[in-house]
Amino acid sequence: MTDRTDRTDRTDPAGASGRAPEARLDPRYSDPAATAPPWPEAEALLAGAELFWISTVRPDGRPHVTPLPAVWSDGALHFCTGPEERKARNLAANPHVVLTTGTNTWDAGYDLVVEGEAVRVADDDALRALAAAWEAKYGDFWHFEVRDGYFHHGPGHAAVFSVAPRTVFGFGKGEPFSQTRWRFGPR
């Protein structure tokens, strides 16, 4: 349901995914002087963020939250996890996730919340491109070999997941405070 008092802006061009997100600034939580940032600005923040917090749901319904690095590529966030880690086991039962990033300050910065569904990436060519993106962003500590549909690093291996945003929330902190929602695809 859309609040008729929301101010609406269509962002153009479309995000890297090719889907033009609809941006809505929520006036209930935004300064009257605030405007909805264009999607490319939010996308640049996602691409540049070093640390994300991922929220998954355990099979018994309890939440699980943990920090991790992620890479923005082709209109989606990508992360990796060992197949036996809690988040991987949670995703096997429920692929819905929330990834957050931003600053830990009250009156400066911008926070982003990405909601979507985690889909496993197992194609070795796609994984090689993502491995190169990880190393370019985080340095050679994050060098991964790719084989058999997994990232390999030392003795371990990790599954890679892609989260194309369904909804993204942006929170501008400081003057002017703002809350923006970008929706992708059908509502």
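Counting starts from 1 at the beginning of each chain's written sequence and moves along it residue by residue. Residue-level local features of this predicted model are given only where pLDDT is at least 70; pairs of side-chain atoms are given and counted only at 80 or more, and the full residue set underlies all totals for whole chains, interfaces and linings. Hydrogens are left out, water is left out, and the side-chain values use all remaining heavy atoms of the structure.

Chemist: Hey, could you run me through the overall build of the protein in this one?
Modeler: Secondary structure elements follow DSSP: runs of H or I no shorter than four residues count as helices, runs of E no shorter than two count as strands, and numbering proceeds from the N terminus. Helix and strand content of the protein: three helices and twelve strands. Using a 1.4 Å probe on the protein chains alone, a residue whose accessible area is under 20% of its type maximum counts as buried, one over 50% counts as exposed, and one in between counts as partly exposed. Looking at the 187 residues of the protein, the share that counts as buried comes to 44%. Put simply, of all contacts in the protein between residues at least 6 apart along the chain, 61% involve residues at least 24 apart. To measure how exposed things are, a 1.4 Å probe is used in the Shrake-Rupley method; for residues, cover is taken only from the protein chains shown. Only carbon and sulfur atoms are counted for the fraction: they give 54% of the accessible area of the protein, which is about 10000 Å². The contact criterion used throughout is that any non-hydrogen atoms of two residues lie within 4.5 Å.

Chemist: What am I meant to see in the nonpolar core here?
Modeler: One recurring pattern in soluble globular proteins: nonpolar side chains tend to sit buried together. By size, the foremost hydrophobic cluster in this structure holds 28 residues, and its most contacted members are Trp39, Leu46, Phe52, Leu77, Phe79, Leu99 and Trp182. Ignoring anything within four residues of it in the chain, the contact list for Leu99 reads Phe52, Trp53, Ile54, Leu68, Leu77, Leu112, Val113, Val114 and Val163. Joining through side-chain atoms within 4.5 Å is the link that ties buried Ala, Val, Leu, Ile, Met, Phe, Trp, Tyr and Cys residues into a set, and such a set is a nonpolar core. Counting 13 residues, the second-largest nonpolar core is a separate cluster that includes Val121, Leu127, Ala131 and Val146.

Chemist: How should I be thinking about the packing of aromatic side chains in this particular structure?
Modeler: Here the distance between the centres and the angle between the planes together describe a pair of aromatic rings. Two aromatic rings, drawn from Phe, Tyr or Trp (for Trp, its six-membered ring), form a pair once their centres lie within 6.5 Å of each other, and the interplanar angle then sorts them: stacked below 30 degrees, edge-to-face above 60, tilted otherwise. Counted according to the given criterion, the structure contains eleven aromatic pairs. Taking 6.2 Å as the distance between ring centres and 65° as the angle between the ring planes, the aromatic pair formed by Trp39 and Trp72 counts as edge-to-face. Of the two residues, Trp39 is situated in helix 1 (residues 39–48) and Trp72 in strand 5 (residues 71–73); the sequence distance between them amounts to 33 residues. Seen from their ring centres, Phe79 and Phe161 are 5.5 Å apart, and the 20° between their planes marks the pair as stacked. A residue pair is termed long-range when its members are at least 10 positions apart, and Phe79 in strand 6 (residues 76–81) and Phe161 in strand 11 (residues 156–172) qualify at 82 residues. Judged by relative accessible area, which is 9%, Phe161 ranks as buried. Through successive ring pairs, a cluster of aromatic residues spans Trp134, Tyr138, Phe141, Trp142, Phe144 and Phe151. Stacked on the ring of Tyr150, the Lys or Arg Arg120 has its end atom at 4.3 Å from the ring centre. Look at NZ for Lys and CZ for Arg. If either is within 6 Å of the ring centre and within 35 degrees of the ring normal, a charge sits over the ring.

Chemist: Which parts of the structure should I look at to understand a nonpolar patch on the surface?
Modeler: On the surface, a nonpolar cluster with roughly 280 Å² of combined accessible area is contributed by Leu51, Trp53 and Val65. In this fold, Trp53 is placed in strand 3 (residues 52–57). Assessed through its relative accessible area of 39%, Trp53 is described here as partly exposed. Patch membership requires more than 30% relative accessible area and the absence of a salt bridge. Residues of like charge join within 9 Å; the nonpolar side chains Val, Leu, Ile, Met, Phe, Trp and Tyr join within 5 Å. The working definition used for a salt bridge is a side-chain nitrogen of Lys or Arg within 4 Å of a carboxyl oxygen of Asp or Glu.

Chemist: Can you walk me through the pattern of salt bridges in this structure?
Modeler: A side chain with one charge may pair with a side chain of the opposite charge, provided their charged atoms come close. All chains considered together, the criterion is met by six salt bridges. With its nearest N and O atoms 2.8 Å apart, the salt bridge here joins Asp60 to Arg62. Of the charged contacts in the structure, one is a salt bridge between Glu85 and Lys87, with a shortest N-O distance of 2.8 Å. Residue Lys87 is classed as buried on the basis of its relative accessible area of 8%.

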